[in-house]
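Breakdown of the fold
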Amino acid sequence: MSVQSLVSSSKDADVVFRALASKYAVDVPESWILRNEPDVSTEKTCLCPGTKLASQFANAIPLFPWRCERRFVELAKLVATKTVENVVMCRFSCTGKKNASLKEILYREFDLLEWFNASPIKSLYASIADNRFANVLVRLENGCVCSVEVGATLPEENDASLLDRHELIGQRGVASDRVVDTQLPQSSVYLFQGNKTQHYTDVDAELFGMDNDGINLVRAAWAFVSDTTSDCESRIAELVARHQHLSAWVDLVFLSNESGKHVCLEGVC
């Protein structure tokens, strides 16, 4: 069976998103627009990654596109199905480019941490250097202890916007989103030519032609509009509450660094 890509000459996320919705006969309000960042020039309701809403932005629906990435879906499934039982420790590392925001990286990692373990953060202790490196020790409500290392040091010319690794250690079993003892993501095909190396990995036949970040964003928006488990307003309220919860914990990372103490949502622990 052949699958035709919905990505034509335009790789605009909103155009591709509406093509996907049309293919499966799902209505999308004309007043909504899908963007990687909020667009203050329009009055439309903007669907965008929650990381881009670190400061309050009216008329926006926060999405969590990394939850649509296959490696993360499989990690969450390993815990949910108890293939990895009783996770007692997590080791996360994520490095972005030099112009990346530590807050945005922490926001993403904290969401993955709670999602994988189906447990909210209880407290944390953080140390930050030069506003480019952060080491955070996190304890979840279920007792799991987590190490989260983030940084913004990759050169601008680096192909990947993020280099990360996530490892879950259970009382029975260990799981990781990278091959054992590797730090860099692997590609399916490599082309070595002169002093230049190109690599290719196809991850989505329907959205072939978009990069991984674009694919995840479109898939996250699609998952939201196609969800029929509850009414739209309730689902929007849940996403906004989730965004506010994560933003509060990101702010507490910097409070912990300044105070040198463990912190929780109620203040210093």
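In the block above lies the structure referred to throughout.
None of the values given here were measured: they were computed from a predicted structure.

**Some words on the pattern of salt bridges**
A complete count under the given rule lists 21 salt bridges for this structure. The salt bridge involving R91 is made with E167; its shortest N-O contact spans 2.7 Å. Here the residue R91 occupies a position in strand β4 (residues 85–97), and E167 occupies one in strand β8 (residues 162–172), the gap between them amounting to 76 residues. By relative accessible area, R91 is classed as partly exposed at 42%. A relative accessible area of 14% places E167 in the buried class. A salt bridge links D164 to R178; its shortest N-O distance comes to 2.9 Å.

**Topic: the packing of helix α3 (residues 102–117) against helix α5 (residues 232–259)**
Taken N-terminus to C-terminus, the directions of α3 and α5 make an angle of 120°; their axes are 9 Å apart at the nearest point. By the criterion of interaxial angle, the relationship of α3 to α5 is oblique. Between α3 and α5 lies a crossing of right-handed hand. Seen from α3, the contacting residues are K103, L106, Y107, F110, D111 and E114; seen from α5, they are R242, H243, H245, L246, S247, W249, V250, D251, V253 and F254. Grouping the amino acids of the contact of α3 with α5 by side-chain chemistry returns 8 nonpolar, 3 polar and 5 charged.

**Here we look at helix α1 (residues 13–23)**
Two residues of an α-helix separated by three or four positions point the same way, owing to the 3.6 residues in each turn. All buried positions along α1 are accounted for by A13, D14, V16, F17, L20 and A21. Here the buried residues of α1 occupy an arc of 165° about the axis, which is enough to place them on one side. Residues of α1 that are buried in the fold lie against β1 (32–34) and α4 (212–226). The backbone nitrogen of D14 lies 3.0 Å from a side-chain oxygen of the residue at the head of α1, namely D12. Following α1 by one or two positions, A25 adopts a phi angle in the positive range, close to 55°.

Definitions and limits used
Residues numbered from 1 in each chain as written. Predicted model: local features only at pLDDT ≥ 70, side-chain atom pairs only at ≥ 80, totals over all residues. Heavy atoms only, no water. Salt bridge = Lys/Arg side-chain N within 4 Å of Asp/Glu carboxyl O. Helix = DSSP H or I, 4+ residues; strand = E, 2+ residues; numbered from the N terminus. Buried < 20%, exposed > 50% of the residue type's maximum accessible area, 1.4 Å probe, protein only. Axes fitted to C-alpha atoms, helices over the stretch in contact; angles between N-to-C directions. Parallel < 35°, antiparallel > 145°, perpendicular 65-115°, else oblique. Left-handed = near helix turned anticlockwise from the far one by under 90°. Contact = heavy atoms within 4.5 Å. Nonpolar A, V, L, I, M, F, W, Y, C, P; charged D, E, K, R; others polar. Arc of directions from axis to C-beta. Polar contact = N/O pair within 3.5 Å; in protein donor to acceptor, adjacent residues only side chain to side chain.

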